[in-house]
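# An overview of the molecular structure
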Amino acid sequence: MEIKGFVKSTLIDWEGKVASILWVGGCNFSCPYCYAADLVLNPAGLPTVPLEEVTGFLKEKKKWIDGVVICGGEPTIHPDLSQFIQNFKKIPIAVKLDTNGTNPDLLKSLIRNRLIDYIAMDLKAPLDSKYNEVAGVNVNLEKIKETIDILLNGELDYEFRTTVCPAFLVKEDIVKIASSVGEARRYILQQFKPGECMNKQMNKITPYTSQQLEDMKKEAKKFCPNIYLRGDTRGNTR
Ligand code: SF4
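So, here is what we can say about the structure in this document. Quantities reported herein were computed from a predicted structural model and do not represent experimental measurements.

The subject of this paragraph is the sheet that holds strand E7 (residues 187-191). For sheets, the rule is that strands pair by backbone hydrogen bonds, running either parallel or antiparallel. A sheet is described by the order of its strands in space; here eight strands give the open sequence E1-E2-E3-E4-E5-E6-E7-E8, paired in mixed fashion. Of all strands in the sheet, those bounded by a partner on one side alone are strand E1 (3-10) and strand E8 (227-230). Sheet twist, expressed as the mean angle between neighbouring strand axes with direction ignored, is 20°. Strand direction decides the pairing type here: E7 and E8, joined by four bridges, are parallel. Across the sheet, residue glutamine 190 finds its bridge partner in E8, namely arginine 230. Those strands touched by helix H3 (residues 81-89) are E1, strand E2 (19-24), strand E3 (67-71) and strand E4 (94-99), and its axis lies near 145° from that of E4.

For an α-helix, the turn length of 3.6 residues means that residues three or four places apart are oriented alike. Three or more residues of helix H7 (residues 171-180) are buried, namely Asp173, Ile174, Val175, Ile177 and Ala178. Where H7 is buried, its residues touch helix H5 (130-135), strand E6 (157-164), E7 and helix H8 (210-221).

Going through the model one piece at a time under the given rule, you end up with six aromatic pairs. Both rings, one in tryptophan 14 and one in tyrosine 118, keep their centres 6.0 Å apart while their planes meet at 40°; by these two values the pair is tilted. One end of the pair, tryptophan 14, is in the loop between E1 and E2; the other, tyrosine 118, is in strand E5 (residues 118-122), and 104 residues separate them in sequence. Accessibility expressed as a relative area gives 4% for tryptophan 14, which makes it buried. Here the aromatic residues Tyr33, Phe168 and Phe192 are joined through ring pairs into a cluster of three or more. The aromatic ring of tryptophan 14 is capped on one face by lysine 17, whose charged end is 5.6 Å from the ring centroid.

It is worth spelling out the side chain of threonine 99 at this point. Along the polypeptide, threonine 99 turns up in strand E4. Of the residues examined, threonine 99 reaches a relative accessible area of 0% and is grouped as buried. Within the structure, the side chain of threonine 99 is placed 2.7 Å from the side chain of glutamate 74, a separation counted as a polar contact.

All right, on to the environment of isoleucine 116 then. Assignment of secondary structure puts isoleucine 116 in the loop between helix H4 (104-112) and E5. For the pair formed by isoleucine 116 and alanine 19, sequence separation is 97 residues and the distance between their alpha carbons is 14 Å. Not counting residues up to four positions away in its chain, the partners in contact with isoleucine 116 are Ile85, Val95, Leu97, Leu107, Leu110, Ile111 and Leu156.

A few words on the layout of surface pockets. Taken as a whole, the largest pocket spans an internal volume of roughly 160 Å³. Looking at the largest pocket, the residues that line it are Ile111, Arg112, Arg114, Ile116, Asp117, Glu155 and Leu156. Split into classes, the residues belonging to the lining of the largest pocket amount to three nonpolar, no polar and four charged.

On to unusual backbone geometry, then. When glycine is set aside, most residues are seen to have a negative phi, and most peptide bonds are trans. Cis rather than trans, the peptide bond between glycine 72 and glycine 73 has omega equal to 15°. Relative to the helices and strands, glycine 73 is located in the loop between E3 and H3. Of note in this structure, arginine 114 is not a glycine but carries a positive phi near 55°. Along the chain, arginine 114 turns up in the loop between H4 and E5.

Moving on to the state of the cysteines. Enumeration according to the criterion identifies zero disulfides in this entry. Here cysteine 165 stays free of any disulfide, with the sulfur of cysteine 197 as its closest cysteine sulfur at 7.0 Å.

For the rest of this paragraph, the subject is the packing of H3 against H4. The geometry of H3 relative to H4 is characterised by a closest axis approach of 11 Å and an angle of 30° between their N-to-C directions. Crossing handedness for the pair H3 and H4: right-handed. Note on element contacts: H4 touches H3 through Leu106, Ser109 and Leu110, opposite Leu81, Ser82 and Ile85. Residues of the contact of H3 with H4, tallied by class, amount to four nonpolar, two polar and no charged.

Cut-offs and rules
Residues numbered from 1 in each chain as written. Predicted model: local features only at pLDDT ≥ 70, side-chain atom pairs only at ≥ 80, totals over all residues. Heavy atoms only, no water. Pairing = 2+ DSSP bridges. Helix = DSSP H or I, 4+ residues; strand = E, 2+ residues; numbered from the N terminus. Axes fitted to C-alpha atoms, helices over the stretch in contact; angles between N-to-C directions. Contact = heavy atoms within 4.5 Å. Buried < 20%, exposed > 50% of the residue type's maximum accessible area, 1.4 Å probe, protein only. Phe/Tyr/Trp six-rings, centres within 6.5 Å; stacked < 30°, edge-to-face > 60°. Lys NZ or Arg CZ within 6 Å of the ring centre and 35° of its normal. Polar contact = N/O pair within 3.5 Å; in protein donor to acceptor, adjacent residues only side chain to side chain. 1 Å grid on protein atoms, 1.4 Å probe; cavity = no way out; pocket = protein on both sides within 12 Å on 5 of 7 lines; lining within 4 Å. Points joined across faces, edges and corners; volume = space filled by probe spheres on them. Nonpolar A, V, L, I, M, F, W, Y, C, P; charged D, E, K, R; others polar. Disulfide = S-S within 2.5 Å. Left-handed = near helix turned anticlockwise from the far one by under 90°.

Purely geometric numbers; function is a separate question.
Encoded structure:
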């Protein structure tokens, strides 16, 4: 697998940590609001950052960098993800994985082999037919549920997160999602950001106001106590 983007330091992609973040290409979803169209649709057209450049930087700066975030696209579509991560664990440096949750088997193997330290999993929509609409493809919801169970019942630290795009999600949907992960350690509502969305129609959508998001959070908190808002998703495709 190839690295298609690298930022040496970020304070917003792994909460509470100074992290580096890298992006890998390709995704099995096609979310209309995704703002990484090139990364998802045409990764081969993007320049590749040499792995040695990234590992060399992390080796040199590991005293100051707490970990590396592996983001996509969807990293778990790459069968060599385990070997790829080993390059970072050898440094050694902590690894956070951003995923849409479609590959629970690979996640189980990564967790079993202690290759990841934190997972951020997208919850695109309530676990019903709306999921396909938001993901832009037919989603195997059993796989999504399996990944949710792995995180809820495991020891690895994690967060669930939802981009609250008004084109798809209303308050009742957020309440349903929150109910499905009830006692989660962390469930984050992320602000939707128009501007560079894969589907240009999405750029015309006005995001919910802070007050509307607060109202959703308040209602959903009845079912999921550890729910939080996150406003800035710079550096994140999701
Ligand atoms: S938002 Fe995430 S899951 Fe959706 S298409 Fe983009 S990279 Fe894939």
